[in-house]
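What follows is the residue order along each chain.
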Amino acid sequence: MRRRVALLAVLVPVVLMINPADALACGTVNNPCPPPTEVSAGSGSFDVASLADGPGGIPVASKVSPDPWPAYRYRLITPCQAADDNGVGCQGGLVCDPVDGRVIQYLVSQRQALVRPADTAPGDVANDAALAAGLLPGTSRSGFVPYREGCVDITDLNPAPTPAEVFAYFQTLPLPQLATSVQPPGGTVLVGLPTIFFTDAPTQQVFTVDIRGFTVAITAEARQFTWHTGDGAGAITSDGPGAPYPNQTVTHDYTSGTYTTYVTVTWGGTFTVDGSAPVEVGGTTTTDGPPVQLTAVQARAVLTNPYD
Amino acid sequence: MAVVAAVGLGLTGCSDPGTPSDTLPTAASTSAEPTLEPLGPADFPVPPEAREQTEDGAVAAAKYYLELSFRTTQTLDTTWLQRLSQDCENCAADVTSYDQDRAAGTRYEGGDATVAAFLDESIDGGAVSVGVAVQRAAFRAVGPDGQVLVGRDVAAQQLSGGLTLSWDPIQDAWLTTSLYLERSQ
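For this particular structure, what's the right way to read the overall build of chain A?
The number of helices and strands found in chain A is four helices and 18 strands. A burial count over chain A gives 45% of its 308 residues as buried. Within chain A, contacts between residues at least 6 apart in sequence are counted, and of these 71% link residues at least 24 apart. Accessible area of chain A: about 15100 Å², with a carbon and sulfur share of 55%.

If you want it as structure tokens, here you go:
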């Protein structure tokens with residue numbers, strides 16, 4: 001059957017499943033962060049050891065640095081997180097061109113200077129000052145300072161699937177094509193008597209998919225129903241699947257003729273990653289149900305003798 | 001900047017162009033030093049060197065801000081921590097922590113800190129990144145019943161990290177705009 005795909009108007013590259021504030025809970029005077037034992041993907045941001053030049057000018061984030069005494073480590077956060085930090089508005093809709101097999105996201109990079117042994121950083125006045133203040137090589141000697149903003153290849157960090165990434169899978173799911181039920185049944189409806197539309201097929205379905213090793217449970221939900229009446233009167237839209245008599249919610253009045261009707265269902269959904277809290281899938285898709293032929297006829301009153 | 005403004009006023013000589021003066025300005029009016037509004041607690045004011053719009057001034061201001069935060073454990077008065085920071089998430093978190101301690105009747109014992117600050121780099125928009133190294137003595141937070149609060153008996157710490165600061169031309173002072181500290185060991 002035909003299938004149409006609609007992207008949400010704004011795709012915000014949300015990386016996080018957890019409130020960003022959680023990731024920034026430490027670092028204060030009263031709650032300094034623990035010493036970093038390893039540089040890894042954090043729960044609220046990505047802490048990475050290096051941002052190396054990559055193909056197409058897109059830097060590649062890595063958990064390890066080729067330099068035994070790197071000058072910096074980096075933190076990657078979403079533009080919305082950065083906006084929160086700065087107390088300004090958030091700019092959504094920043095997406096990067098996809099590259100097969102790579103995870104590339106639009107992120108704000110911050111960097112933190114690290115103390116290096118004096119012989120590996122000759123002439124670095126700030127490093128000398130940090131050493132003179134008693135800081136050991138490898139420890140931080142600054143806060144996280146804005147570095148750059150743009151697309152970053154974070155494939156090596158093995159990030160959890162994003163809503164946009166899950167949406168790509170969502171579009172391939174075998175979503176049900178809901179059949180239209182009509183009352184009166186049998187393919188013949190009456191002029192002057194509202195025709196009832198509904199579908200009694202399941203409007204929610206759970207799919208489990210593997211995305212880069214993550215177990216992603218997608219709950220697809222039928223969120224909008226567009227009933228095509230076939231008579232040129234336009235479509236009827238409803239939030240629910242309708243219901244049979246006497247609880248009908250979707251009806252249409254036909255004039256005499258033969259018509260083809262079907263229902264288009266708009267599917268949205270949420271997903272969880274390895275049991276996380278549910279997150280909205282980054283788009284919706286539609287399915288068209290099978291067509292139903294209807295003949296609308298004029299009912300005529302006929303006098304009959306009930307005792308015949 | 002305040003000096004420039006004061007000299008400028010002195011050269012123009014008057015604020016009412018319709019009233020010409022036929023006397024020279026007095027010595028007092030020409031030699032008066034521009035005075036900055038004092039900032040900080042009366043017993044721990046912002047030092048003059050921290051109010052210079054220079055990189056060294058930013059370094060002095062960062063040192064002062066951290067020292068003020070550590071001193072706040074004794075007063076739990078966050079007035080100046082708030083006034084000398086701006087859009088600083090971690091600064092606000094510390095303020096909230098101190099305010100909660102004050103409301104709960106908590107007091108601190110120990111925790112004297114020595115702060116070293118040094119220039120990291122100047123960054124866009126006139127902001128300055130300052131690195132810090134802190135030696136903080138062991139401390140503990142004690143509740144109104146005299147009992148040490150759970151999880152708040154803290155061993156001596158060596159901290160490192162940094163602050164970023166931006167110049168505030170209204171107060172003629174550096175404001176802390178971000179703060180990050182981590183334990184070095």
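Structure's up, so let's keep going.
Looking at this structure, I do not really get the sheet that holds strand β7 (residues 173-183) of chain B. What am I missing?
Sheets are built from strands that pair by backbone hydrogen bonding, the pairs being arranged parallel or antiparallel. Residue and element names in this part refer to chain B. One open sheet holds the four strands; their spatial order is β2-β3-β6-β7, and the pairing between them is antiparallel. A single partner strand is all that each edge strand has here, and the edge strands are β2 (113-122) and β7. Between one strand axis and the next, the sheet turns by 25° as a mean value, whatever way the strands run. Summarising the sheet, strand β3 (residues 128-136) and strand β6 (residues 157-168) pair through nine bridges and their orientation is antiparallel. Bridged to valine 132 within β6 is glycine 161.

Just to check I follow, could you spell out the interface of chain B and chain A for this structure?
Every contact between the two is made by 36 residues of chain B and, on the other side, 32 residues of chain A. When chain B packs against chain A, the two sides together hide about 2600 Å² of surface, and 53% of this comes from carbon and sulfur. Counting across the chain B and chain A interface gives three salt bridges. Salt-bridge contacts for Glu121(B) lead to Arg111(A); the nearest nitrogen and oxygen are separated by 3.7 Å. Remark: the boundary between chain B and chain A carries 15 residue pairs in polar contact (both at pLDDT 80 or more). For the side of chain B that touches chain A, the secondary-structure elements that each account for two or more residues are α3 (55-75), α5 (89-104), β2, β3, β6 and β7 of chain B. In terms of residue count, the dominant contributor to the side of chain B that touches chain A is β6(B) (seven residues).

Would you take a moment to explain unusual backbone geometry for this structure?
Between Gln183(A) and Pro184(A) the backbone carries a cis peptide bond, its omega angle lying at 0°. Mapped onto the secondary structure, Pro184(A) falls in the loop between β8 (181-183) and β9 (188-190). Of the consecutive residues Tyr245(A) and Pro246(A), the connecting peptide bond is found in the cis state with omega at 10°. Tracing the chain through its elements places Pro246(A) in the loop between β13 (235-238) and β14 (251-252). Despite not being glycine, Asp274(A) shows a phi value in the positive range, around 50°. Using a relative accessible area of 52% as the deciding quantity, one classes Asp274(A) as exposed. If you check the backbone angles, Leu76(B) has positive phi at about 55° while not being a glycine.

Explanation requested: the state of the cysteines in the structure shown.
Among covalent bonds in proteins, the disulfide is the one between the sulfur atoms of two cysteines. In this structure the tally under the stated criterion is three disulfides over all chains. Each sulfur of the disulfide joining Cys96(A) and Cys151(A) lies 2.1 Å from the other. Here the S-S torsion is close to -100°, and the disulfide linking Cys96(A) with Cys151(A) is therefore left-handed. Taken as a pair, Cys96(A) in the loop between α2 (79-86) and β6 (104-113) and Cys151(A) in strand β7 (residues 145-153) lie far apart in primary sequence, 55 residues in all. Taking relative accessible area as the criterion, Cys96(A) reaches 15% and is therefore assigned buried. For Cys151(A), a relative accessible area of 22% corresponds to the partly exposed category. Disulfide partner of Cys88(B): Cys91(B), at an S-S distance of 2.1 Å. Taking the torsion about the S-S bond as the criterion, the Cys88(B) to Cys91(B) disulfide, at about 70°, is right-handed. Accessibility assignment for this pair places Cys88(B) and Cys91(B) in one class, buried.

It is not clear to me how α3(B) should be interpreted in this structure. Could you clarify?
Three or four residues apart is the spacing at which side chains of an α-helix point the same way, because the helix has 3.6 residues per turn. With 21 residues, α3(B) should cover 30 Å at 1.5 Å per step; its first-to-last C-alpha distance of 30 Å lies within 8% of that length. Of the residues trailing α3(B), Leu76(B) is marked for its positive phi of about 55°.

How do you make sense of the nonpolar core when you look at a structure like this?
Note on soluble globular proteins: their nonpolar side chains tend to be buried together. Judged by nonpolar contacts, the single largest core of 39 residues is most densely connected at Leu66(B), Leu84(B), Leu163(B) and Leu179(B). Looking at this core, the elements that each hand over two or more residues are α3, α4 (79-83), α5, β3, β6 and β7 of chain B. A per-element tally of this core places α3(B) first, with ten residues. Residues in contact with Leu66(B), not counting those within four places in the same chain, are Val29(A), Val115(B), Val132(B), Val134(B), Leu163(B), Leu179(B) and Leu181(B).

What am I meant to see in α5(B) here?
All names here are of chain B. Its 16 residues give α5 an end-to-end C-alpha distance of 23 Å, which sits within 8% of 22 Å, the value for a rise of 1.5 Å per residue. The complete set of buried residues in α5 reads Asn90, Cys91, Asp94, Val95, Ser97, Tyr98 and Asp101. Looking straight down α5, one finds that the buried residues subtend no more than 160° of arc, so they occupy a single side. Residues of α5 that are exposed and angled more than 90 degrees away from the buried face: Gln100 and Ala103. Where the residues of α5 are buried, they touch α3, α4, β1 (107-110), β5 (148-154) and β7. Just past α5, the residue glycine 105 takes up positive phi, approximately 75°.

Would you mind showing me how to read the pattern of salt bridges here?
Side-chain pairing between opposite charges can occur once the charged atoms of the two side chains come close. Residues and elements named next belong to chain A. If you walk through the whole model with that rule in mind, you get 18 salt bridges over all chains. One salt bridge in this structure joins aspartate 124 and arginine 116, with 3.3 Å as the shortest N-O distance. For arginine 116, a relative accessible area of 16% corresponds to the buried category. Between arginine 223 and glutamate 280 there is a salt bridge, with its nearest N and O atoms 2.4 Å apart. One end of the pair, arginine 223, is in strand β12 (residues 214-228); the other, glutamate 280, is in strand β16 (residues 279-280), and 57 residues separate them in sequence. Judged by its relative accessible area of 29%, arginine 223 is partly exposed.

Rules behind the numbers
- Residues numbered from 1 in each chain as written.
- Chains lettered and ligands numbered in written order.
- Predicted model: local features only at pLDDT ≥ 70, side-chain atom pairs only at ≥ 80, totals over all residues.
- Heavy atoms only, no water.
- Helix = DSSP H or I, 4+ residues; strand = E, 2+ residues; numbered from the N terminus.
- Buried < 20%, exposed > 50% of the residue type's maximum accessible area, 1.4 Å probe, protein only.
- Contact = heavy atoms within 4.5 Å.
- Areas by Shrake-Rupley, 256 points an atom, 1.4 Å probe, with all protein chains shown as cover.
- Pairing = 2+ DSSP bridges.
- Axes fitted to C-alpha atoms, helices over the stretch in contact; angles between N-to-C directions.
- Buried area = accessible area lost by both parts, 1.4 Å probe.
- Salt bridge = Lys/Arg side-chain N within 4 Å of Asp/Glu carboxyl O.
- Polar contact = N/O pair within 3.5 Å; in protein donor to acceptor, adjacent residues only side chain to side chain.
- Disulfide = S-S within 2.5 Å.
- Expected span 1.5 Å × (residues − 1).
- Core = buried A, V, L, I, M, F, W, Y, C linked by side-chain atoms within 4.5 Å.
- Arc of directions from axis to C-beta.

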